[in-house]
Amino acid sequence: QENFLLVCNNWVDFIVSFTLTHTHTHSLSLSLSLSHFIYIYFTICISFSLSGLTSIPFEVSLTTRSNRPLYDTYHGVFISVQYFIKAELRRGLLNKPLFKQLEFVMEGQRVDVVKENPPINFNITPQSLENINEIKTVPNFKITGVIDRAICDIEKPLAGTIVVEHSAKPIKSIELQLVRVETCGCAEGYAKDATEIQNIQIAEGDVMRNFKIPIHMVFPRLFTCVTTATSNFKIEYEVNIVIVLEDDHLITENFPIKLYRPRS
């Protein structure tokens, strides 16, 4: 809940507008574009005097142009979906109007709980790694584990376990990365970029073998939203498990996931 505080001792019009702005940019091939999915402009009160602190209740239904869906609030690198409320207080001919704007968080429509949601079981070995030129240069290891579900409730943490069965070289650190994959489209084509949202360390040092290390990651609210696919842009997510060996050799395994918001 946010409060507007506009101070005036004159006759006023009080006007509030909502704007949803979707902005997508790409540094190479896409230019900045700005789209307003919602723009509602209405007057709450006309020609009245204020004395002291005055509270004026209002409400408005959020409807989009052409019945387009309301997307979740999202702050990304190349895509942003933001909702703003702006208040304007007009104070007569000789006084400048007062303005206040703030962003509010929108959560889109909830969907039914996904019933068929199998876990992601993984088995990481030198043979399972991709983009390896010489497999002989990779130390022998075997790391197994499970991510509880492939389709995740955005309001609950990502959970699972990881087990180091054996490793020829000592382990320095085990990390969990959450990655956003943003795809922007325009007349020139599509641009796809993957960027890191957050990185947490789930283990440090040469961990005990055959011990279940818990995985626990909370999805940051402003920097994640439900998995979204439209005709102009897509927002998808991946999880990387990164094992750092003592000589700073990196072992990385990638898992795509989907985020959704179920009905309670």
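Conventions used here
Residues numbered from 1 in each chain as written. Predicted model: local features only at pLDDT ≥ 70, side-chain atom pairs only at ≥ 80, totals over all residues. Heavy atoms only, no water. Helix = DSSP H or I, 4+ residues; strand = E, 2+ residues; numbered from the N terminus. Buried < 20%, exposed > 50% of the residue type's maximum accessible area, 1.4 Å probe, protein only. Contact = heavy atoms within 4.5 Å. Areas by Shrake-Rupley, 256 points an atom, 1.4 Å probe, with all protein chains shown as cover. Pairing = 2+ DSSP bridges. Axes fitted to C-alpha atoms, helices over the stretch in contact; angles between N-to-C directions. Polar contact = N/O pair within 3.5 Å; in protein donor to acceptor, adjacent residues only side chain to side chain. Core = buried A, V, L, I, M, F, W, Y, C linked by side-chain atoms within 4.5 Å. Phe/Tyr/Trp six-rings, centres within 6.5 Å; stacked < 30°, edge-to-face > 60°. Salt bridge = Lys/Arg side-chain N within 4 Å of Asp/Glu carboxyl O. Patch = residues over 30% accessible without salt bridge, like charges linked within 9 Å, V, L, I, M, F, W, Y side chains within 5 Å.

Quick notes on the overall build of the protein chain
Next, step 1: Helix and strand counts for the protein chain stand at 0 helices and 15 strands.
Next, step 2: Classification of the 264 residues of the protein chain by burial places 42% in the buried group.
Next, step 3: A separation of at least 24 residues holds for 67% of the contacts in the protein chain among residues at least 6 apart in sequence.
Next, step 4: As presented, the protein chain carries roughly 15,500 Å² of accessible surface, and 51% of it is formed by carbon and sulfur atoms.

Things to note about the sheet that holds strand β12 (residues 212–217)
Next, step 1: Read from one edge of the open sheet, 4 strands run β6-β7-β9-β12, paired in antiparallel fashion. Strand pairing shows two members of the sheet lacking a second neighbour, β6 (120–124) and β12, which therefore form its edges. On average, each strand axis in the sheet is tilted by 20° relative to the strand beside it, whichever way the strands run.
Next, step 2: Summarising the sheet, strand β7 (residues 141–147) and strand β9 (residues 158–167) pair through 7 bridges and their orientation is antiparallel. Directly across from Gly 145, in β9, lies its bridge partner Ile 162.

Considering the side chain of Asn 117
Next, step 1: Mapped onto the secondary structure, Asn 117 falls in the loop between β5 (98–104) and β6.
Next, step 2: The exposure class of Asn 117 is buried, given its relative accessible area of 18%.
Next, step 3: Among the polar contacts made by the side chain of Asn 117, one reaches the main-chain carbonyl oxygen of Ile 151 at a distance of 2.5 Å.
Next, step 4: The contacts of Asn 117, once residues within four sequence positions are left out, are Asp 148, Arg 149, Ala 150 and Ile 151.

A short note on the nonpolar core
Within soluble globular proteins, side chains that are nonpolar generally end up buried alongside one another.
Next, step 1: By size, the foremost hydrophobic cluster in this structure holds 45 residues, and its most contacted members are Ile 162, Ile 174 and Ile 257.
Next, step 2: The biggest single contributor to this core is strand β14 (residues 233–245), with 7 residues.

With respect to the packing of aromatic side chains
Next, step 1: In total, this model carries 3 aromatic pairs according to the counting rule given.
Next, step 2: Their ring planes at 80° and their centres at 5.6 Å tell us that Tyr 71 and Phe 233 sit as a pair that is edge-to-face. Pair noted here: Tyr 71 is in the loop between β2 (30–46) and β3 (74–75) and Phe 233 is in strand β14, with a separation of 162 residues, a long-range link. Take Tyr 71 and Phe 233: they sit in the same class, and that class is buried.
Next, step 3: With a centroid separation of 5.8 Å and an interplanar angle of 45°, the aromatic rings of Tyr 83 and Phe 104 are classed as tilted.

Let's talk about the pairing of β14
Next, step 1: Burial of β14 is extensive: 10 of the 13 residues sit out of reach of the surface.
Next, step 2: The pairing of strand β13 (residues 228–229) with β14 spans 2 bridges and is antiparallel. Opposite Ala 229, over in β14, you have Lys 234 as the bridge partner.
Next, step 3: Hairpin connection from β13 to β14: 3 residues lie between these consecutive antiparallel strands.
Next, step 4: Linking two consecutive strands that pair antiparallel, namely β14 and strand β15 (residues 250–260), is a turn of 4 residues; a positive phi of about 70° is found at Asp 248 within it.

Some remarks on the environment of Arg 110
Next, step 1: If you trace the backbone, Arg 110 turns up in the loop between β5 and β6.
Next, step 2: The partly exposed category is assigned to Arg 110, whose relative accessible area is 27%.
Next, step 3: Counting along the chain gives 116 residues from Arg 110 to Val 226, while the straight-line C-alpha distance between them is 9.9 Å.
Next, step 4: Within the structure, the side chain of Arg 110 is placed 2.8 Å from the side chain of Glu 155, a separation counted as a polar contact.
Next, step 5: Here Pro 262 takes part through its backbone oxygen, which lies 2.8 Å from a polar atom of the side chain of Arg 110.

Observations regarding the pattern of salt bridges
Next, step 1: Scanning the entire structure with this criterion turns up 11 salt bridges.
Next, step 2: Between Arg 261 and Glu 107 there is a salt bridge, with the nearest N and O atoms lying 3.7 Å from each other. A residue pair is termed long-range when its members are at least 10 positions apart, and Arg 261 in the segment after β15 and Glu 107 in the loop between β5 and β6 qualify at 154 residues.
Next, step 3: Relative accessible area serves as the criterion here: at 2%, Arg 261 is assigned to the buried category.

Let's talk about a nonpolar patch on the surface
Next, step 1: Together, Val 105, Leu 222 and Phe 223 make up an exposed nonpolar region whose accessible area comes to about 240 Å².
Next, step 2: By the element assignment, Phe 223 lies in the loop between β12 and β13.

Some words on unusual backbone geometry
Next, step 1: Within the chain, Asn 210 stands out as a residue other than glycine whose phi angle is a positive 60°.
Next, step 2: Of note, Asn 210 is situated in the loop between β11 (189–204) and β12.
Next, step 3: Residue Asp 248 is not a glycine yet carries a positive backbone phi of 70°.
Next, step 4: With respect to the helices and strands, Asp 248 occurs in the loop between β14 and β15.

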